[in-house]
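Coordinate inspection notes
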Amino acid sequence: WREETGGEGKFLKWLGDLDGEPIISGEMADALTEVHADLCSFLTQMLARDPAERCTITECLSHSWLQPVRQELQEDIDKFVNSKLRKQTSDETGVESCARSSDAGTHFRGSILQRMAPDITVRTAKAKLIEKGL
C-alpha cells in the first residue's frame, strides 16, 4: 500500500471520511452475504465508519453470528460455576447452609462470574473459534 500511494496518508484520509461509502459495501457485501448473511451484518455493524453508528462491544457479543459460540461459552461457564458452588457447599467452614439458600447461591454465582467469567470467556472463545475454523 505504501509503495503504491507513497505513504499512509491516503488510507488514513479514506478511513477518516465518515461520509464516505461504507467499508462493507458493493461486491464485498455481496460476497460476504453469499458466505453468511449474519457474518455480513456483523462485520458491517463493527466496521461502520462513524463511531456513533458502530456497534458496541455488548452489541457485538450479542450478535446472532456469535450465538453458537456464546451458547457453548454459557454452558462452560455454567459448568464452572456449578462446580464452584458444589465445592463451596461441601467446605467445612460453615458456609454449607448459607450456600444452599437461593439468595446466597445467586450472590456466589454472580461473584464468581464477575471475577472469573472474563478469563474463561476469552480462553474458551478463542478455543471455540479455532475449533470451528472461524
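Residues numbered from 1 in each chain as written. Predicted model: local features only at pLDDT ≥ 70, side-chain atom pairs only at ≥ 80, totals over all residues. Heavy atoms only, no water.

**Details of the packing of aromatic side chains**
Each aromatic ring pair is characterised by the separation of its centres together with the angle its planes make. Scanning all chains against the criterion turns up one aromatic pair. Taken together, a centroid distance of 5.8 Å and an interplanar angle of 35° make the contact between Phe11 and Trp14 tilted. One end of the pair is Phe11 and the other is Trp14, both in helix H2 (residues 9-16) and three residues apart, which spans about a single turn. (Phe/Tyr/Trp six-rings, centres within 6.5 Å; stacked < 30°, edge-to-face > 60°. Helix = DSSP H or I, 4+ residues; strand = E, 2+ residues; numbered from the N terminus.)

**A word on the layout of surface pockets**
Of the voids in this model, the second largest pocket is the one considered here, and its volume is about 160 Å³. Lining the second largest pocket are Leu18, Gly20, Pro22, Ile23, Ile24, Thr44, Gln45, Leu47, Ala48, Arg49, Asp50 and Glu53. Partitioned by chemical class, the residues of the lining of the second largest pocket number six nonpolar, three polar and three charged. (1 Å grid on protein atoms, 1.4 Å probe; cavity = no way out; pocket = protein on both sides within 12 Å on 5 of 7 lines; lining within 4 Å. Points joined across faces, edges and corners; volume = space filled by probe spheres on them. Nonpolar A, V, L, I, M, F, W, Y, C, P; charged D, E, K, R; others polar.)

**Brief notes about the packing of helix H3 (residues 26-35) against helix H4 (residues 37-46)**
Running from amino to carboxyl end, H3 crosses H4 at an angle of 135°, the nearest separation of the two axes being 5 Å. Taken together, H3 and H4 sit at an angle that is classed as oblique. Counted together, Ala29, Leu32, Thr33 and Val35 of H3 and Ala37, Leu39, Cys40 and Leu43 of H4 form the full contact between these two elements. Of the residues contributing to the contact of H3 with H4, the split by class is seven nonpolar, one polar and no charged. (Axes fitted to C-alpha atoms, helices over the stretch in contact; angles between N-to-C directions. Parallel < 35°, antiparallel > 145°, perpendicular 65-115°, else oblique. Contact = heavy atoms within 4.5 Å.)

**Observations concerning the side chain of Ser25**
Relative to the assigned elements, Ser25 resides in the loop between H2 and H3. With relative accessibility at 17%, the residue Ser25 sits in the buried group. Polar side-chain contacts of Ser25 include one of 2.9 Å to the backbone oxygen of Pro22. (Buried < 20%, exposed > 50% of the residue type's maximum accessible area, 1.4 Å probe, protein only. Polar contact = N/O pair within 3.5 Å; in protein donor to acceptor, adjacent residues only side chain to side chain.)

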